[in-house]
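# Coordinate analysis (summary)
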Amino acid sequence: MIARRRLVAAVVVAALLPAAVPAAEDVRSRELEAIRDEIARLQGRLARVEAESRGLAGELQRTELSLELQSRRLDEAAAARRLVETSLERLEATVSGLERELASQRAALERRLADLYRLGRHGYLRLLLSIGSRGQLLPAVRSLRYLARRDGELLDRFVDTRAELAVERQRLLERQRERSGWVEQERSRLDELARLRRRQAELLASLDRQRSTLSSQTLKLADKERRLGNLLDFLAGRSPALAGRPIQQFRGALDWPVGGRIVHRFGHRRDRRYGTQVPHNGLTLATTAGTPVRSIYPGKVLFAAPFEGYGPTAVVHHSGGVFTLYAGLGSLQVRQGDILALGQPVGEAASSLYFEIREQNRPADPLSWLR
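We now turn to the structure provided with this report. On a predicted model such as this, the values are computed, not experimentally measured, just so you know.

### Some details on the overall build of the chain
For the chain, the helix and strand inventory stands at 5 helices and 11 strands. Counting only residues that meet the buried cut, the chain has 35% of its 371 residues in that class. Long-range pairs, those at least 24 residues apart, make up 73% of the contacts in the chain between residues at least 6 apart in sequence. Summed over its atoms, the accessible surface of the chain is roughly 21,200 Å², and 53% of this surface lies on carbon and sulfur atoms.

Okay, here's the thing in structure tokens:
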């Protein structure tokens, strides 16, 4: 009986729904699956960026990825809502068909009950006696059995339809709640998307300010380097060659001016965030304040005074046309014109030292000179 009822319901639903509904639901499901695959891929990218990126540029990159991810999450909510709505259309049609079928069965039951009511309390017995009084008892019994079975089936169908309708109504209610949930998620994800866009705009503005600041700092550094080069050009032009063994004979065997950790090596430095080139013609060493800073080779002090942008600075001229520069000192212990021996202090270190070697007034990598 139940199997037959389900078959009838299926026929009714098939008659009421367009043929495109199952196909549409399948399309919606594939769309949702593709969006969720894309979300998983973006989450992986975001995790890698969060692990690797630092600073303002890194935060901007993370925000842009978060924006893309949130946009796909919004697409997910919209696709899920559309899928639920497609299912809702099918359920609403099913419920509508069952309601019409139930109304028809109720009307049939009401008519049958009215017929039985007119026959009185013992309606089936009176009907049997009425038919049997004409000498046709066996056909009368068969007719009575048929009528009783038909009435029972009618009642069973009514009960089954009502139960199935209750189930489909509950499913419809659950789908409606699910749709409401996805609609709420759409609103929430739209709000988050708007927040991320505002944050992106703030970061872009901050990044522009930082770039402007860095550009200004780069210009200042370049100007410092230019002025230092001008100073050394001026000193070289006024300094006659020194007697003695050229310092070039000891390239790679010279002692360090002071112990310390290399903070910046020789050569232009590239800012990782913005790609800006910053001039750096020497070594920057992290040092211990108060440590003696020594001349790496005998020579003559051509300059010993504070220099703008570098602090206390000493320039020593060596035989072979080589100059060494010691800048950022905590204090100076030499004066212009002093003749220095190998390893004689030129001053005391501060927290860092900037050290240059110039050959024919061209910057050279100190690491190729020191041991």
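Anyway, onward from the coordinates.
### Considering the nonpolar core
In globular proteins that are soluble, nonpolar side chains generally tend to be buried together. Counting residues in hydrophobic clusters, the biggest one holds 25 residues, and the most contacted among them are Leu-32, Leu-65, Leu-69, Leu-165, Leu-172 and Trp-182. Top element by residues in this core is helix H3 (residues 55-119). It accounts for 14 residues. Judged by nonpolar contacts, the second largest core, of 23 residues, contains Leu-254, Val-293, Tyr-297 and Trp-369.

### Some words on the layout of surface pockets
Its boundaries defined by the atoms lining it, the largest pocket holds a volume of some 300 Å³. Lining the largest pocket are 15 residues; nearest its centre among them are Lys-224, His-280, Thr-284, Tyr-310 and Tyr-354. Contributions of two or more residues to the lining of the largest pocket are made by helix H5 (137-238), strand E8 (322-332) and strand E10 (345-359). When grouped by side-chain class, the residues that make up the lining of the largest pocket number 6 nonpolar, 6 polar and 3 charged.

### Regarding unusual backbone geometry
In terms of backbone geometry, most residues other than glycine have negative phi values and most peptide bonds are trans. Residues other than glycine seldom take positive phi values, yet Gln-360 does so here, at roughly 55°. The backbone of Asn-361 sits at a positive phi, close to 60°, despite the residue not being glycine. By secondary structure assignment, the location of Asn-361 is in the loop between E10 and strand E11 (362-364).

### With respect to the pairing of strand E4 (residues 283-286)
Pairing geometry for strand E1 (residues 261-264) and E4, over 3 bridges, is antiparallel. Within E4, the residue paired with Ile-262 across the bridge is Leu-285. Relative to E10, E4 runs antiparallel, the two being bridged by 4 bridges. Residue pairing across strands places Leu-283 opposite Phe-355, the latter belonging to E10.

### Section: the pattern of salt bridges
Overall, the coordinates contain 19 salt bridges when judged by the stated rule. Across the pair Arg-82 and Glu-31 runs a salt bridge whose closest N-O atoms are separated by 2.7 Å. On the criterion of sequence distance, the pair formed by Arg-82 in helix H3 and Glu-31 in helix H2 (residues 20-52) is long-range, its members being 51 residues apart. According to the relative accessible area criterion, Arg-82 is partly exposed, its value standing at 24%. We note a salt bridge from Arg-81 to Glu-186, for which the minimum N-O separation is 2.4 Å. With a gap of 105 residues between them, Arg-81 in helix H3 and Glu-186 in helix H5 connect regions that are remote in the sequence. Assigned by exposure class, Arg-81 and Glu-186 land together as buried. Each of Arg-36, Glu-76 and Arg-189 takes part in a single network of salt bridges with overlapping partners.

### A closer look at the packing of aromatic side chains
On inspection of all chains with the given rule, the structure shows 5 aromatic pairs. Ring geometry for Tyr-326 versus Phe-355: centroids 5.3 Å apart, planes at 45°, classification tilted. Separated by 29 residues along the polypeptide, Tyr-326 in strand E8 and Phe-355 in strand E10 bring together distant segments of the chain. Accessibility assignment for this pair places Tyr-326 and Phe-355 in one class, buried. Within the aromatic cluster, the residues linked to one another by ring pairs are Phe-303, Phe-307, Tyr-310 and Tyr-354. Lying over the aromatic face of Trp-369, Arg-251 brings its terminal NZ or CZ to 3.9 Å of the ring centre.

### Quick notes on the pairing of E8
With 6 bridges connecting them, strand E7 (residues 311-318) and E8 associate as antiparallel partners. Residue pairing for E8: Thr-313 is matched across the bridge by Ala-327. Between E7 and E8, which pair antiparallel in sequence order, lie 3 residues; one of them, Gly-320, sits at a positive phi of approximately 100°.

### Describing the environment of Gly-260
Inspection of the secondary structure puts Gly-260 in the loop between H5 and E1. A residue is classified by how much of its surface remains accessible, and Gly-260, at 45% relative accessible area, is partly exposed. Each C-alpha atom of the pair Gly-260 and Ser-352 lies 8.4 Å from the other, and the pair is 92 residues apart in sequence.

### Notes on the environment of Arg-261
With respect to the helices and strands, the residue Arg-261 is situated in strand E1. Separated by 24 residues in the primary sequence, Arg-261 and Leu-285 have C-alpha atoms spaced 5.3 Å apart. Excluding its chain neighbours within four sequence positions, the residues that come into contact with Arg-261 are Thr-284, Leu-285 and Ala-286.

Cut-offs applied
Residues numbered from 1 in each chain as written. Predicted model: local features only at pLDDT ≥ 70, side-chain atom pairs only at ≥ 80, totals over all residues. Heavy atoms only, no water. Helix = DSSP H or I, 4+ residues; strand = E, 2+ residues; numbered from the N terminus. Buried < 20%, exposed > 50% of the residue type's maximum accessible area, 1.4 Å probe, protein only. Contact = heavy atoms within 4.5 Å. Areas by Shrake-Rupley, 256 points an atom, 1.4 Å probe, with all protein chains shown as cover. Core = buried A, V, L, I, M, F, W, Y, C linked by side-chain atoms within 4.5 Å. 1 Å grid on protein atoms, 1.4 Å probe; cavity = no way out; pocket = protein on both sides within 12 Å on 5 of 7 lines; lining within 4 Å. Points joined across faces, edges and corners; volume = space filled by probe spheres on them. Nonpolar A, V, L, I, M, F, W, Y, C, P; charged D, E, K, R; others polar. Pairing = 2+ DSSP bridges. Salt bridge = Lys/Arg side-chain N within 4 Å of Asp/Glu carboxyl O. Phe/Tyr/Trp six-rings, centres within 6.5 Å; stacked < 30°, edge-to-face > 60°. Lys NZ or Arg CZ within 6 Å of the ring centre and 35° of its normal.

These results come straight from atomic positions and should not be treated as a statement about function.
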